Amino acid sequence: MNKKIIILSMCIAILIMTIGYSIFLSNIKINGTANITSTWNILFTKIEQISKTSGVVEKTPPKATGTLATFNIGVNYPGDKIVYEITVTNEGSLNAVINNISGTDTGNNAIYYKIEGINKGDKLGHGESKTFTVEIGYNSEVTKNPEILTSELTIDITYVQDLGQEIIVEPTIITNKYGLVSNGLMSYYDVKNGGSNSDTWKDLGVLGIDGKVDGATLGDNYYSFDRSNDCILLDKMNYPNITLEIATSINNITPSIEHIFIGNFQVGGYGILIGNNKIEFALYNSEKKGYDYFYYNSDALLNTMYTISTSYNESNVILCVNGTCQTYEATGNLGYPSGNTVMAIGCNPEGNKKIAGYFNGNIYSARIYNRALTKEEILVNQAKDIEEFSIN
Ligand SMILES: [Ca+2]
């Protein structure tokens, strides 16, 4: 076997995890003339590998030294993963609580990180220890060598003195270099981030499924669709849990027809569209053999910039438009599209052809996740769009 190929298929993941406690000082109370005996000392006391697949190479031993924990691994095959257990100990005399955790990876979507067991709002009393896990893996959906072979994750955990103040417990969300939730981002299209041309909309996500532009016209930072046979065809994406997101502006609506932003619903499937002047998510329900529709409350406006996100997790649908979310119960079974129907932007696909449901407007970006993002995660992505596209 050619050595070059082995090297090319290797991805390196590095984790840098730090503990900070910047604002606790302002909260320490000093009484009278007593000596200050309270101490603040929270550190990583242990990092240990608890499982790994055979394709994972630990390039240096993992290290937990003081407020810094690091590891450096290589993965060879999609599906490879390693799990580390990390212990954090409060060796000081003050009770502490996490008031923030932030994580950013450098944007190699072939590598994912999962952190479990530590959240904003977690308390750590003096003398106590807590363990949590970090899983790093080579995304099993990847079918070709990623363009970037390394990934660096930085996590900052900030503790403050626990004075009984209210800190809402929130899960840790890791974002990529674009400011988007990393975990599960399969395909990501955004003209502004480069690589696209009049034939191809570059996929910046895990799958590397570049969109085949068929009729749509490349503009400044968008593709425009004229409601007459314009479409961008992707590939098959039939996930049982999904999130679809799109940044768009609408030029025109013909009330009697459906205009599709993104979807794969040709006899089964799901997508985001405009129906009866409203933005909606449609999901094929295989029990009732028809679509369930989840409408956003207000009418869609023309020439208005929208970020639209929708997620489905087998019991709920979340639909968010410009930072406002509606949640619906979704019963029944998701029905997949028939045959080899692909995901498409701006039209209804049948197999890998465009047939109907044409859109009239501009599409700036689109994202497909293979899991249902939470409302909190969707709002992180929408905040990114709201800033990028100056949405009011
Ligand atoms: Ca056209």
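Residues numbered from 1 in each chain as written. Predicted model: local features only at pLDDT ≥ 70, side-chain atom pairs only at ≥ 80, totals over all residues.

Go over the overall build of the chain, please, and point to the residues and values.
Assigned secondary structure in the chain consists of two helices and 29 strands. Radius of gyration (C-alpha) of the chain: 24 Å, near the 21 Å computed for a compact globule of 392 residues. Taken over the C-alpha atoms alone, the chain extends approximately 80 × 60 × 45 Å along its principal axes. Every one of the 392 residues in the chain was classed for burial, and the buried ones make up 43%. In the chain, the proportion of contacts linking residues at least 24 apart, taken out of those at least 6 apart, comes to 68%. (Helix = DSSP H or I, 4+ residues; strand = E, 2+ residues; numbered from the N terminus. Rg over C-alpha atoms; globule rule 2.2 N^0.38 Å. Buried ≥ 20, exposed ≤ 12 C-beta atoms within 10 Å, placed from the backbone. Contact = placed C-beta atoms within 7 Å.)

Account for the domain arrangement of the chain, with residues named and values stated.
Taken domain by domain, the chain comprises domain 1 (3-175) and domain 2 (185-388). A straight line from the C-alpha centre of domain 1 to that of domain 2 covers 34 Å. Contact with domain 1, which involves nine residues of that partner, is made by ten residues of domain 2. Each residue belonging to the side of domain 1 that touches domain 2 can be placed in one class, and the counts come to three nonpolar, three polar and three charged. (Domains from an automatic or database assignment. Nonpolar A, V, L, I, M, F, W, Y, C, P; charged D, E, K, R; others polar.)

With reference to specific residues and values, describe the nonpolar core.
The biggest cluster of nonpolar side chains holds 105 residues, and the ones touching the most others in it are Y223, I232, I246, F261, I262, A344 and I363. Taken domain by domain, the makeup of this core includes at least three residues from each of domain 1 (3-175) and domain 2 (185-388). Those residues in contact with I246 that sit more than four places away from it in its chain are F261, I262, I272, I308, I363 and A366. (Core = buried A, V, L, I, M, F, W, Y, C linked by C-beta atoms within 7 Å.)

Explain the pairing of strand β5 (residues 81-90) to me, using residue names and the numbers behind them.
Where strand β2 (residues 42-52) meets β5, nine bridges bridge the pair, whose relative direction is antiparallel. Bridge pairing in β5 places Q49 opposite Y84. Pairing of β5 with strand β9 (residues 129-138) involves nine bridges; the strand directions are antiparallel. If you follow T89 over to β9, its bridge partner there is S129. (Pairing = 2+ DSSP bridges.)

Account for the sheet that holds strand β22 (residues 290-299), naming residues and giving values.
The antiparallel open sheet is built from eight strands, whose spatial order is β13-β14-β17-β26-β19-β20-β21-β22. Among the strands making up the open sheet, the edge pair consists of β13 (200-201) and β22. Relative to strand β26 (residues 344-345), strand β17 (residues 231-233) runs antiparallel, the two sharing two bridges. Each bridged residue has a counterpart across the sheet, and for I232 the counterpart in β26 is I345.

Let's hear about the sheet that holds β5: which residues, and what values?
Where strands meet in a sheet, backbone hydrogen bonds hold them as pairs that are either parallel or antiparallel. Overall, antiparallel pairing links the four strands, which are arranged β2-β5-β9-β7 in an open sheet. Looking along the sheet, the strands with just one partner apiece sit at the ends: β2 and β7 (111-116). Taken over all neighbouring pairs, the strand axes of this sheet differ in orientation by 20 degrees on average, direction set aside. (Axes fitted to C-alpha atoms, helices over the stretch in contact; angles between N-to-C directions.)

Talk me through the environment of N72; I want residue IDs and the actual numbers.
Relative to the elements of secondary structure, N72 occurs in strand β4 (residues 68-75). For N72, a count of 17 C-beta atoms within 10 Å corresponds to the partly exposed category. Each residue touching N72, except ones within four places of it in the same chain, is listed here: I12, I14, K59 and T60.

Could you give an account of the pairing of strand β19 (residues 259-263), with specific residues and numbers?
When you tally the buried positions in β19, you get five out of five residues, the bulk of the element. Both β19 and strand β20 (residues 270-275) contribute to a ladder of four bridges, which runs antiparallel. Looking at the pairing, I260 lines up with L273 of β20. The hairpin turn running from β19 into β20, its antiparallel successor, is six residues long, and V267 in that turn takes a positive phi close to 55 degrees.

Describe unusual backbone geometry, naming the residues involved and giving the relevant values.
Although it is not a glycine, N277 adopts a positive phi angle of roughly 65 degrees. Here N277 shows up in the loop between β20 and β21 (278-285). Overall, N277 belongs to the exposed group, with 12 C-beta atoms counted inside 10 Å. Phi is positive for K289, which is not a glycine, with a value near 55 degrees. Position of K289 relative to the elements: it lies in the loop between β21 and β22. Its 11 C-beta neighbours within 10 Å are what place K289 among the exposed residues.

A description of the environment of F261 should follow, citing residues and the corresponding values.
Take F261: it is sitting in strand β19. The exposure class of F261 is buried, given the 26 C-beta atoms found within 10 Å. Not counting residues up to four positions away in its chain, the partners in contact with F261 are I246, T248, I272, L273, I308, F359 and I363.

Pulling in residues and values, what's your account of helix α2 (residues 375-388)?
If you check α2, its first and last C-alpha atoms are 20 Å apart, about what 14 residues at 1.5 Å a residue would give, namely 20 Å. Restricting attention to buried positions, one finds in α2 the residues E377, I378, N381, Q382 and D385. All buried residues of α2 fall inside an arc of 135 degrees around its axis, so they share one side. Relative to its buried face, α2 has exposed residues pointing more than 90 degrees away, namely E376 and E387. (Expected span 1.5 Å × (residues − 1). Arc of directions from axis to C-beta.)

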